[in-house]
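Structural description and commentary
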Amino acid sequence: MGRRLSSCAAGKAIVTSALRPLLLAILAALSLAAPARAATDIAWWHAMSGELGRQLGKLASDFNASQSDYRIVPVYKGNYTETVTAAIFAFRSRSQPAIVQVNEVATATMTAAKGAIYPVFSLMRDMNEPFSLDDYLPAVSGYYTDAAGNLLSFPFNSSTPILYYNKTMFRDAGLDPETPPKTWPELGAAAKRLRDRGAACGFTTSWPSWIHVENFSAFHDLPLATRGNGFAGLDAELTINNPVVVKHIAQLAEWQKTKSFDYGGRGQAAEPRFQHGECGIFIGSSATRADIKANSKFEVGYGMMPYWPDVKGAPQNSIIGGATLWVLRDRPREEYKGVARFFAYLAQPGVQAAWHQNTGYLPITRAASELTRAQGFYERNPGAAISFEEITLNPPTENSKGIRLGSFVLIRGAIEDELEQAFAGHKSAQAALDAAVERGNKILRQFERASPDR
């Protein structure tokens, strides 16, 4: 009996051994046939086209490839105004994206829409993702915090104005090609020398209000408006008709008469005049450095924004332009988990360093800047570090932290209307800035009356 049982057991063992490969194959097939858990799609509406749009798409693709739970889906919605307008309309129809890119001057407008936004500091805490405000550059993160210092939106593409100059034209005019003008008197003298030697214009700039009013005020530690530039309340009033700004605009208008300064229009309209060799000096966004270098047929030099040396506290630090990422309410919790994971990914030094190097935008963390320097990027690319150095020149003050004024896109338009009147000689600098303050304050009061915080 014992031997018979042993033979039976041996037979079963042989059968089991023979069937094992077949059973494993069946189990593997069943596993493959089972539906995999689909990644959660997360819509990201943005305003970047061209090469910047491709770099943005690469960020999303790289994140998507780094994990399988979430899929960031970038959607181009036009310029900044078109993108935020589309998001507002979508929110009303409950078809809003989880993430929307909004330019920095619309921060007050977004902050006032409390029921529509999910503050980033709350998001990261609620989703248990690592996050420390101390990791971010104060001049960048401070623009997007509330009165208690909590980050409301995620800093993304931040730039600041820097000075570009044509080294070839400097040499021909007998100017030192290795020494950019540091002060406005030095710049005026260099511009006159360039004109005397045949340049069509000494210098020009892009974004007139951003550079000559907003950043000019911050760099000279002057208030743009009361109430801490609007950070402390909606009842702020513009103060840009102060003696220092008036003196500066008056000097630009005077230089305009001889084309030592030549106004080139709003936005980036003036930039081609530098690239084509018409103007020897240009002040514009740090984010256009790569574009200027690629399209200029001469050696480009770089410097910080000039300052008036007789103004106490100057130079202070510049402020940012660009945009930030806002999270909108009323999306599924699973999407918010993915958004928090994505933001944590974007904050990684390697990711930030690559974004900074590939686009010209500022690194939003010191770790990203340090990594970029360690990789030798600044040594290989002269001028690339100036924006970082300028915005971190000194710890931000109440006057150089940023701007939190409602409907500031409209206010900026009013300011530029009046600057053009001064540059054309139709108004004095004082009259133009007085009018800009009056028009801007009316816009602020309209925003204040419409705000839910009123």
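Computed from a prediction, not measured in an experiment: that's the story for all the values here.

Quick look at the overall build of the protein chain
- The secondary structure content of the protein chain amounts to 20 helices and nine strands.
- Principal axes of the C-alpha set define a box for the protein chain whose edges measure 120 × 55 × 35 Å.
- In the protein chain, which comprises 454 residues, the proportion classed as buried is 53%.
- Within the protein chain, contacts between residues separated by at least 24 positions form 77% of all contacts whose residues are at least 6 apart in sequence.
- One finds the centroid of the 47 positive side-chain charges in the protein chain at a distance of 8 Å from the centroid of its 43 negative side-chain charges.

What about the sheet that holds strand S7 (residues 279-285)?
- Strand order in the open sheet formed by four strands is S6-S7-S5-S8, with mixed pairing between adjacent strands. This sheet does not close on itself; its edge strands, each paired only once, are strand S6 (201-205) and strand S8 (300-303). Across the sheet, the mean angle separating the axes of adjacent strands is 20° when strand polarity is ignored.
- The pairing of strand S5 (residues 161-166) with S7 spans five bridges and is antiparallel. The partner of Leu-163 across the bridge, within S7, is Ile-283.

Describing the pattern of salt bridges
- Tallied over the full model, the rule gives 27 salt bridges.
- Arg-54 serves as the salt-bridge partner of Glu-51, at 3.1 Å between the closest nitrogen and oxygen. Taken as a pair, Glu-51 and Arg-54 lie in helix H2 (residues 50-66) at a separation of three residues, close to a single helical turn.
- According to the relative accessible area criterion, Arg-54 is exposed, its value standing at 55%.
- A salt bridge links Glu-416 to Arg-266, with the nearest nitrogen and oxygen atoms 3.9 Å apart. One end of the pair, Glu-416, is in helix H19 (residues 408-423); the other, Arg-266, is in the loop between helix H11 (243-256) and helix H12 (271-275), and 150 residues separate them in sequence.
- Here the salt bridges do not stand alone but share partners, grouping Arg-266, Glu-416, Asp-417, Glu-418, Glu-420, Lys-427 and Arg-439 into one network.

Some remarks on the state of the cysteines
- If you walk through the whole model with that rule in mind, you get one disulfide.
- Across the disulfide, Cys-201 is cross-linked to Cys-279 (sulfur-sulfur distance 1.8 Å). Residues Cys-201 and Cys-279 are joined through a disulfide that is right-handed, its torsion about the S-S bond being 130°. Linking Cys-201 in strand S6 with Cys-279 in strand S7, this pair joins segments that are 78 residues apart in sequence. A single burial state applies to Cys-201 and to Cys-279, both of which are buried.

A word on the packing of aromatic side chains
- As enumerated under the stated definition, the model contains 25 aromatic pairs in all.
- On the numbers, 5.5 Å between centres and 75° between planes, the contact of Trp-44 with Phe-156 is edge-to-face. Highlighted residues: Trp-44 in strand S1 (residues 40-46) and Phe-156 in strand S4 (residues 154-159), separated in sequence by 112 residues. Per residue, the accessibility class of Trp-44 equals that of Phe-156, and both read buried.
- Aromatic pair Phe-261 and Phe-423: ring centres 5.4 Å apart, planes at 70°, arrangement edge-to-face. With Phe-261 in the loop between H11 and H12 and Phe-423 in helix H19, the pair connects residues that are 162 residues apart, well separated along the chain. When sorted by exposure, Phe-261 lands in the same class as Phe-423, which is buried.
- Every member of this aromatic cluster is reached through a ring pair, and the members are Trp-44, Phe-63, Phe-131, Tyr-136, Phe-154, Phe-156, Phe-342, Phe-343, Tyr-345, Trp-355 and Tyr-361.
- The residue whose ring lies beneath Lys-77 is Trp-45, and the NZ or CZ to ring-centre distance is 4.2 Å.
- Here the guanidinium or amino end of Arg-329 rests over the ring plane of Tyr-118, the centre of that ring lying 4.3 Å away.

Observations concerning the pairing of S1
- Most of S1 is tucked away, with five of its seven residues classed as buried.
- For the crossover from S1 across H2 to strand S2 (residues 70-76), the handedness is right-handed.

Brief notes about the side chain of His-248
- One can find His-248 in helix H11.
- Taking relative accessible area as the criterion, His-248 reaches 1% and is therefore assigned buried.
- Apart from the residues lying within four places of it in its own chain, the contact partners of His-248 are Trp-184, His-212, Phe-216 and Trp-308.

As for the side chain of Thr-183
- On the secondary structure map, Thr-183 appears in the loop between helix H7 (167-172) and helix H8 (184-196).
- For Thr-183, a relative accessible area of 8% translates into the label buried.
- Among all residues touching Thr-183, those that are not within four sequence positions of it are Pro-306, Tyr-307 and Pro-309.

Focus: the sheet that holds strand S9 (residues 321-327)
- Judged by pairing direction, the sheet is mixed, and its five strands sit side by side in the order S2-S1-S3-S9-S4 without closing on themselves. Pairing within the sheet leaves two strands with one partner each, and these edge strands are S2 and S4. The mean angle between the axes of side-by-side strands here comes to 20°, regardless of whether they run parallel or antiparallel.
- Pairing analysis gives five bridges linking strand S3 (residues 99-103) to S9, with the strands arranged antiparallel. Its bridge partner lying in S9, Val-100 is registered against Trp-326.
- In the packing of helix H14 (residues 333-346) onto the sheet, the strands contacted are S1, S2, S3, S4 and S9, and the crossing angle to S1 comes to about 60°.

Rules used in this analysis
- Residues numbered from 1 in each chain as written.
- Predicted model: local features only at pLDDT ≥ 70, side-chain atom pairs only at ≥ 80, totals over all residues.
- Heavy atoms only, no water.
- Helix = DSSP H or I, 4+ residues; strand = E, 2+ residues; numbered from the N terminus.
- Buried < 20%, exposed > 50% of the residue type's maximum accessible area, 1.4 Å probe, protein only.
- Contact = heavy atoms within 4.5 Å.
- Lys, Arg positive; Asp, Glu negative; His and termini not counted.
- Charge placed at Lys NZ, Arg CZ, Asp CG, Glu CD.
- Pairing = 2+ DSSP bridges.
- Axes fitted to C-alpha atoms, helices over the stretch in contact; angles between N-to-C directions.
- Salt bridge = Lys/Arg side-chain N within 4 Å of Asp/Glu carboxyl O.
- Disulfide = S-S within 2.5 Å.
- Phe/Tyr/Trp six-rings, centres within 6.5 Å; stacked < 30°, edge-to-face > 60°.
- Lys NZ or Arg CZ within 6 Å of the ring centre and 35° of its normal.
- Right-handed = clockwise from strand over helix to strand, strands pointing away.

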